[in-house]
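Each chain, written out:
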Amino acid sequence: MSYKYWNLSLFVMEYAATIVVGETGSGKSTQIPQYLKEAGWADGGRLIGCTQPRRLAVQTVASRVAEVGMKLGEEVGYTIQFEDQTNPGMTMIKFLTDGVLIREMMEDPLLTKYSVIMVDEAHERSISTDMLLGLLKMIQRRRPELRLIISSATIEARSMSTFFNIRRKNSLLGSSDDLPNPEPAILSVEGKGYTVEIHYVEEPVSDYLRAAVNTVLLIHEKESPGDILVFLTGQDDIDAAVKLLNEEIQHLGRHYLDLLILPLYSGLPRGDQDLIFAPTSKGKRKVVLSTNIAETSLTLEGVVYVVDSGFSRQKCYNPISDIESLVVTPISKASARQRAGRAGRVRPGKCFRLYTEEYYLNEMQSEGIPEMQRSNLVSCIIQLKALGIDNILGFDWPASPSPEAMIRALEVLFSLGILDEDAKLTVPIGFQVAEIPLDPMISKMILSANDFGCSDEILTIASFLSVQAVWVSVRGVKKEFDEAKLRFAAAEGDHVTFLNIYKGFHQSGKSSQWCYKNFLNFQALKKVVEIRGQLLRIVKGFGIPLKSCDRDMQAVRKAIIAGSFANACHLEEYSQNGMYKTIRTSQEVYIHPSSVLFRVNPKWVVYQSLVSTDKHYMRNVIAIEPSWLTEAAPHFYQFRTPNPALH
DNA sequence: GAGCACTGC
């Protein structure tokens, strides 16, 4: 084991919080927990916890630690949703996602089993990481013996340090001799990446797609062997660039046929993603055109050149309209450095930025906006409420969301009957919703299913709503794909269509062949089954029996409305293009082309979520009767300005 | 009329 961290245990002994700054890949996440174990932090049955933002990272880091003499599932273990590889009483080092650790707080609010918790990749500032940081700071006030290690790739560590500085003027903690220093320590560790030479464009480019294609061709012409990774913003960008590149290759001839062009984004079917990880055959050069997925979630070996467009798609939230949208946004310097670092994993590399050095130095933001400040907060707030944190506005957030966003979330939870007038969780609905690991609207739908005698159906629907990419679209067979979809399509809408798919999948004996034939994503359907199992265990715990309504789809739709009544829309009669308006805010919306109700355009619909790009598209849509709205949510619809469309 | 950055419980 490396002694790079020889002084870490001294820091952890002495300071309440230690901030470790070092690039990803410096071995922090594997070495620090082992070092803490040797220093005795797991003695006496205590746990050393280490959180990661992603499931895959939890699994890989845990197995890497297991390689050096500890058994996975015994001394070292991990917990992610659907999988617990720990052994209580035996496990000393536990890796887990930050979301799982927050869930553990519901059972054990002070996380008493842990002596040290390391939060890895804190610079990513995901909602759950930020929530966890706020909660850990709070726990430390009650449990000063708990030690924290915050691991970050950027020097934003300084603001982390301010956040964790818990020195107070009139400390009530008594003598400070046996207590840790409340001011965080900062420790820097060297990354083990190779140097990456940065190149900028001389003049700003007007068309980054064209510029990216030209840069790839130039690299192939002038530079030594090594794969190329290009960062673009989304699937359409990537598909367009693949097409452009292939056209150029045809024109340019022989030498360029050595280029192997591959797209990469999360929606890609499994088999296509595997191609990307296959080693490049001799004499070939791989060119991977990717979304942000290759920035953090996936690591490609063999990349020596990175082409950075300087843009990514980012979530952005408007609390007034309560709409989240995806907007192409300039990336931050931290992101640009992370992208460049992807070129230096196997040997020194080069990064070609499609923006000027002047722009990088003077205009690019140094850090991105934390996700917490770009999101709808309903899930986050219900979890804090369940942990007994009542003063949401006064919570000590690492990055405080706007008061408007917090108030909007409180309003939504109130309208669903999850919070009462004093903004306390209702009994039992509110507490039950908090326990279900889904969007509160979907959780509310599950609980209401009991009233309509259709819990069986609703559990299936809720599970489908939690997986993306139920369908696999294969290029070139659009007709067959559309026909397959029609076989399951239900006149009521997408939710009922999911029931038909689930039934078919079940009858096929959960066959992957059957999925393949029907253009369905086998991995996704397996996940549906898994989620459904977890949900069933939870609702049984509430005393809700599994009950089917057989073919009464009206009951199913009423249960859906009990959660999503706020998403009701009405077709604009005189619109020729399928325009709907939301009842609540008269927002212009359209049925998403992936919906079975696309082009069907029923008069009244309720949608599950909005995908907002250039237009607002409703995803997962169901046809309803307007009278069901007032029935389901009189408080929401009755006292509003009379809407002539309703009568 | 025509589309989905990325995670997670």
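Per an unreviewed UniProt entry, the recorded name for chain A is RNA helicase, and the organism is Panicum virgatum. One UniProt comment on chain A, placed under Sequence similarities (unreviewed entry), says "Belongs to the DEAD box helicase family. DEAH subfamily." In its Catalytic activity (unreviewed entry) section, the UniProt entry covering chain A states "ATP + H2O = ADP + phosphate + H(+)".

Caption draft 1: View of unusual backbone geometry. Cis peptide bonds are those with omega within 30 degrees of zero, and the linkage from Val 427 to Pro 428 qualifies with 0 degrees. Position of Pro 428 among the secondary structure elements: in the loop between helix H14 (403-415) and helix H15 (429-435). Its identity is not glycine, yet Lys 510 carries a phi of approximately 55 degrees, on the positive side. Relative to the assigned elements, Lys 510 resides in the loop between helix H19 (494-507) and helix H20 (512-517).

Caption draft 2: Main features of the protein's contact with DNA strand B. By nearness alone, 32 residues border DNA strand B, and Ser 266, Arg 313, Pro 437, Arg 599 and Thr 613 come closest of all. Sugar and phosphate atoms form 58% of the subset of DNA strand B atoms that lie within 4 Å of the protein. Within the contact set of DNA strand B, a base oxygen lies 3.4 Å away from a side-chain nitrogen or oxygen of Arg 103. Measuring from a phosphate oxygen of DNA strand B, one finds a side-chain N or O atom of Thr 613 at 2.5 Å. Those elements that provide at least two residues to the surface near DNA strand B are helix H4 (98-107), strand E14 (311-318) and strand E21 (616-623). At three residues, H4 tops the list of elements feeding residues into the surface near DNA strand B. Across the surface near DNA strand B, the residue classes break down as eleven nonpolar, 14 polar and seven charged.

Caption draft 3: Expanded view of the domain arrangement of chain A. Structurally, chain A comprises domain 1 (8-188), domain 2 (196-368), domain 3 (377-435) and domain 4 (555-646). Every contact between the two is made by six residues of domain 2 and, on the other side, six residues of domain 4. Across the domain 2 to domain 4 interface the summed buried area is about 460 Å²; carbon plus sulfur atoms make up 57%. For domain 2, the biggest contributors to the area lost against domain 4 are Ser 321, Ile 323 and Leu 326; these three give 64% of the whole. Our enumeration of links across domain 2 and domain 4 arrives at zero salt bridges.

Caption draft 4: Molecular detail of the pairing of strand E3 (residues 76-80). Of all five residues making up E3, five are buried, and the element is well covered by its neighbours. On E3, burial covers both faces: Val 76, Tyr 78 and Ile 80 on one face and Gly 77 and Thr 79 on the other are all buried. The pairing of E3 with strand E5 (residues 93-97) spans four bridges and is classified as parallel. Directly across from Thr 79, in E5, lies its bridge partner Leu 96. In this structure, E3 lies alongside strand E4 (residues 83-85), joined through three bridges in antiparallel fashion. From the neighbouring strand, Thr 79 faces E4, where its bridge partner is Asp 84. Counting the residues that bridge the hairpin from E3 to E4 gives two residues, and of these Phe 82 lies at a positive phi of roughly 75 degrees.

Caption draft 5: Empty space enclosed by the protein, seen in detail. This structure, assessed with the given rule, holds one cavity of 30 Å³ or more. Each pocket or cavity is described by its volume, and for the largest cavity that value is around 30 Å³. If you trace the largest cavity, you find it lined by Ile 446, Ala 449, Ser 455, Ile 458, Leu 459, Val 539 and Ile 544. Among the elements of the structure, helix H16 (440-452) and helix H17 (455-465) are those that each provide at least two residues to the lining of the largest cavity. Among the elements that make up the lining of the largest cavity, the one with the highest residue count is H17 (three residues). Across the lining of the largest cavity, the residue classes break down as six nonpolar, one polar and no charged.

Caption draft 6: A look at the packing of H16 against helix H22 (residues 553-564). Running from amino to carboxyl end, H16 crosses H22 at an angle of 140 degrees, the nearest separation of the two axes being 7 Å. The pairing of H16 with H22 is recorded here as oblique in orientation. In terms of crossing hand, the pair formed by H16 and H22 is right-handed. Between H16 and H22, the residues in contact are Met 441, Lys 444, Met 445, Ser 448, Ala 449 and Phe 452 and Ala 555, Lys 558, Ala 559, Ile 560, Ala 562, Gly 563 and Ser 564, respectively. Counted by class, the contact of H16 with H22 contains eight nonpolar, three polar and two charged residues.

Caption draft 7: Structural view of the packing of H17 against H22. Close contact between H17 and H22 brings their axes to 10 Å; oriented N to C, the two are set at 55 degrees. Considering the angle they form, H17 stands oblique to H22. For the pair H17 and H22, the crossing hand works out as right-handed. Together, Glu 457, Ile 458 and Ile 461 of H17 and Val 556, Ala 559 and Ile 560 of H22 make up the contact between the two elements. Per-class residue counts for the contact of H17 with H22 are five nonpolar, no polar and one charged.

Caption draft 8: Expanded view of the pattern of salt bridges. Under the criterion given, the structure shown has 20 salt bridges. A salt bridge links Glu 124 to Arg 54, with the nearest nitrogen and oxygen atoms 2.9 Å apart. Residue Glu 124 is located in the loop between strand E6 (114-119) and helix H5 (127-142), and its partner Arg 54 is located in the loop between strand E2 (47-52) and helix H3 (55-67); the two are separated by 70 residues in the primary sequence. Given the relative accessible area of 25%, Glu 124 is considered partly exposed. You can call Arg 54 partly exposed: its relative accessible area is 23%. Arg 532 serves as the salt-bridge partner of Asp 456, at 2.4 Å between the closest nitrogen and oxygen. Separated by 76 residues along the polypeptide, Asp 456 in helix H17 and Arg 532 in helix H21 (residues 522-541) bring together distant segments of the chain. The exposure class assigned to Asp 456 is partly exposed, which follows from its relative accessible area of 24%. Classification of Arg 532 as buried rests on a relative accessible area of 9%. Among the charged side chains, a salt-bridge network with shared partners connects Lys 137, Arg 141 and Asp 396.

Caption draft 9: Local environment of H21. Here H21 is 20 residues long and its end C-alpha atoms lie 29 Å apart, about the 28 Å a rise of 1.5 Å per residue gives. For H21, every residue scored as buried is listed here: Ala 524, Leu 525, Val 528, Ile 531, Arg 532, Gln 534, Leu 535, Leu 536, Ile 538 and Val 539. Looking at the buried side of H21, the elements it contacts are H15, H16, H17, H19 and H20. Of the residues flanking the start of H21, the one acting as N-cap is Asn 521, its side-chain oxygen 3.1 Å from the backbone nitrogen of Gln 523. One or two positions beyond H21, positive phi appears at Gly 543, with a value near 85 degrees.

How each quantity is defined
Residues numbered from 1 in each chain as written. Chains lettered and ligands numbered in written order. Predicted model: local features only at pLDDT ≥ 70, side-chain atom pairs only at ≥ 80, totals over all residues. Heavy atoms only, no water. UniProt positions renumbered as here; feature names shortened; annotations may be inferred. Helix = DSSP H or I, 4+ residues; strand = E, 2+ residues; numbered from the N terminus. Near = heavy atom within 4 Å. Polar contact = N/O pair within 3.5 Å; in protein donor to acceptor, adjacent residues only side chain to side chain. Nonpolar A, V, L, I, M, F, W, Y, C, P; charged D, E, K, R; others polar. Domains from an automatic or database assignment. Contact = heavy atoms within 4.5 Å. Buried area = accessible area lost by both parts, 1.4 Å probe. Salt bridge = Lys/Arg side-chain N within 4 Å of Asp/Glu carboxyl O. Buried < 20%, exposed > 50% of the residue type's maximum accessible area, 1.4 Å probe, protein only. Pairing = 2+ DSSP bridges. 1 Å grid on protein atoms, 1.4 Å probe; cavity = no way out; pocket = protein on both sides within 12 Å on 5 of 7 lines; lining within 4 Å. Points joined across faces, edges and corners; volume = space filled by probe spheres on them. Axes fitted to C-alpha atoms, helices over the stretch in contact; angles between N-to-C directions. Parallel < 35°, antiparallel > 145°, perpendicular 65-115°, else oblique. Left-handed = near helix turned anticlockwise from the far one by under 90°. Expected span 1.5 Å × (residues − 1).

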